[in-house]
Amino acid sequence: MTTRAQVRGVGHYLPKRVVPNSEFETTIDTSDEWIRSRSGIERRHFAADDETTSDMATAAATRALDMAGLAAQEIDAIIVATSTPDLTFPSVATMVQAKLGMTKGFAFDVQAVCAGFVFALANANALIISGQANRVIVIGAETFSRIMDWNDRTTSVLFGDGAGALVLEAADGTGTNTDRGILATDLNSDGRHKDILYVDGGVSTQSTGHLRMQGKEVFRHAVEKLASTAHTALDKVGLTGDDIDWIVPHQANLRIIKSTAQKMGVGLDRVVLTVQDHGNTSAASIPLALSVGVERGQIKPGNLIVTEAIGGGLAWGAVVLRW
Ligand code: ACO
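Conventions we followed
Residues numbered from 1 in each chain as written. Predicted model: local features only at pLDDT ≥ 70, side-chain atom pairs only at ≥ 80, totals over all residues. Heavy atoms only, no water. Near = heavy atom within 4 Å. Polar contact = N/O pair within 3.5 Å; in protein donor to acceptor, adjacent residues only side chain to side chain. Areas by Shrake-Rupley, 256 points an atom, 1.4 Å probe, with all protein chains shown as cover. Helix = DSSP H or I, 4+ residues; strand = E, 2+ residues; numbered from the N terminus. Buried < 20%, exposed > 50% of the residue type's maximum accessible area, 1.4 Å probe, protein only. Contact = heavy atoms within 4.5 Å. 1 Å grid on protein atoms, 1.4 Å probe; cavity = no way out; pocket = protein on both sides within 12 Å on 5 of 7 lines; lining within 4 Å. Points joined across faces, edges and corners; volume = space filled by probe spheres on them. Nonpolar A, V, L, I, M, F, W, Y, C, P; charged D, E, K, R; others polar. Pairing = 2+ DSSP bridges. Axes fitted to C-alpha atoms, helices over the stretch in contact; angles between N-to-C directions. Left-handed = near helix turned anticlockwise from the far one by under 90°. Lys, Arg positive; Asp, Glu negative; His and termini not counted. Salt bridge = Lys/Arg side-chain N within 4 Å of Asp/Glu carboxyl O.

A short note on the site of the ligand
For step 1, the next point in the chain: Around the ligand, the structure places 26 residues, and the nearest of them are T30, R38, C114, K216 and N253.
For step 2, the next point in the chain: The contact in question runs from a nitrogen atom of the ligand to an N or O atom on the backbone of G215, over 3.0 Å.
For step 3, the next point in the chain: In isolation the ligand exposes 1,000 Å². Once the protein is present, 77% of that is buried.
For step 4, the next point in the chain: Among the secondary structure elements, those contributing two or more residues to the shell around the ligand are α2 (32–39), α6 (215–236), α7 (254–263) and β12 (304–311).
For step 5, the next point in the chain: With 4 residues, the single largest contributor to the shell around the ligand is α6.

Details of the environment of Q132
For step 1, the next point in the chain: Note on placement: Q132 falls in the loop between α5 (116–129) and β6 (135–143).
For step 2, the next point in the chain: The class of Q132 is exposed, set by a relative accessible area of 55%.
For step 3, the next point in the chain: Expressed as a C-alpha distance, the spacing of Q132 and A77, which sit 55 residues apart in the sequence, is 9.3 Å.
For step 4, the next point in the chain: In this structure, Q132 is in contact with F106 and L127, ignoring residues within four places of it in sequence.

A closer look at the layout of surface pockets
For step 1, the next point in the chain: Approximately 240 Å³ is the volume found for the second largest pocket.
For step 2, the next point in the chain: What lines the second largest pocket is simply R17, V19, E23, F24, T27, I28, F46, A47, D49, S145, R146 and W150.
For step 3, the next point in the chain: Of all the secondary-structure elements, those providing two or more residues to the lining of the second largest pocket are β2 (17–20) and α1 (22–25).
For step 4, the next point in the chain: Looking at the lining of the second largest pocket residue by residue, the class counts come to 6 nonpolar, 2 polar and 4 charged.

Looking at the sheet that holds strand β13 (residues 315–322)
For step 1, the next point in the chain: Strand order in the open sheet formed by 4 strands is β8-β13-β12-β11, with mixed pairing between adjacent strands. This sheet does not close on itself; its edge strands, each paired only once, are β8 (181–189) and β11 (246–249). The average angle at which neighbouring strand axes cross in this sheet is 15°, direction not considered.
For step 2, the next point in the chain: Of the strand pairs in this sheet, β11 and β12 are connected by 4 bridges, and their pairing is parallel. Bridge assignment links P249 to a residue of β12, and that residue is E308.
For step 3, the next point in the chain: Relative to β12, α6 is tilted by about 140°, and along the sheet it contacts β8, β12 and β13.

Remarks on the packing of α6 against α7
For step 1, the next point in the chain: Interhelical geometry of α6 versus α7 gives an angle of 40° and a closest axis separation of 9 Å. Considering how the two elements wind past one another, α6 and α7 form a crossing that is right-handed. Across the interface between the two elements, F219, A222, V223, E224, L226, A227 and H231 of α6 pack against R255, I256, S259, T260 and K263 of α7.
For step 2, the next point in the chain: Looking at the contact of α6 with α7 residue by residue, the classes come out as 6 nonpolar, 3 polar and 3 charged.

Here's the deal with the pairing of β13
Consecutive side chains of a regular strand alternate in pointing toward one face of the sheet and then the other.
For step 1, the next point in the chain: When you tally the buried positions in β13, you get 8 out of 8 residues, the bulk of the element.
For step 2, the next point in the chain: Across the two faces of β13 the burial is the same, with A315, G317, V319 and L321 and W316, A318, V320 and R322 all buried.
For step 3, the next point in the chain: Connecting the antiparallel pair β12 and β13 is a turn made up of 3 residues, with G313 showing a positive phi of about 145°.

Details of the side chain of R44
For step 1, the next point in the chain: As for its placement among the helices and strands, R44 is situated in strand β3 (residues 43–46).
For step 2, the next point in the chain: Put simply, R44 is tucked away with no salt bridge, and the nearest opposite charge, on D32, sits 7.3 Å away.
For step 3, the next point in the chain: Within the structure, R44 has its side chain in polar contact with the side chain of N21 (distance 2.8 Å).

Quick look at the structure:
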């Protein structure tokens, strides 16, 4: 018998304010046409001034718990992937724990920028298969609008805010790749590339800072590394691109998503796409896409799903799971 971390619930939250590309045309030298053709993004959501990452994370977690039919007190651990916490400390995860009314278990944050949700899922899987937790809420939540330089047209048009959450639960499996739940994970980072995507501020430099990105360089690494990590994860359990029902990629750029899918031999009709509506929501993008994919009726029980993401660090990875 093999223990598997299976999905019991999924949910998401998007802030009310929707910002179409055209809104940027009035403040910076850009166009709806440029943003659409270079990134695939048409609109994004921005959090209200008084809305924080933990507020959005809690809303997404509440919806995932509802779908699972579980109360917060039945959860053993909360992991939040974020690079935009409410405060330097405590963790967003402990704030969510309090807001959910959960007085047991443990909670912590994971920071791997856009790859954060993949890293958090791998951590949750490790906790479950090692018997340290039976039920884990894994959340990706971000307010990237707070770290934009609104005068920088090369970054400000690309990002958005939101949150998504999964409830994972330990279940018995057979140990084969037909089991439901997380089947394989692959995590990587290479700090030599820290200067191509970073925020130029932080606690020890005494500022919040703004996101800085050498877009072309990040693009080049993404195209090369995403298909490779997905193949590595699939190889670990004897699966190939042909077995995939849905790629649920990090939603940064439609051209990166298309190129990765092509390298994996998967048609765009088997890719869950939300980048047009959400922009790049960093660690929130994959759980948001999973939740929207379920809501649209695309993702169904038993489907084989591959998620892959790359972000600042660079950090990148993939998770293979059967829904
Ligand atoms: N509007 C109009 N023109 C623009 C804009 C804009 N918003 N932004 C840049 N341009 C201009 C550039 O100045 C440049 O002009 P120039 O040729 O006169 O110098 C021209 O458009 C082309 O710019 P490129 O940077 O070459 O455009 P590219 O096709 O590479 O697309 C983009 C840029 C969308 C940023 C792309 O490189 C990309 O998506 N990169 C990857 C980003 C990513 O995946 N990030 C994920 C991780 S994010 C995280 O971890 C937080």
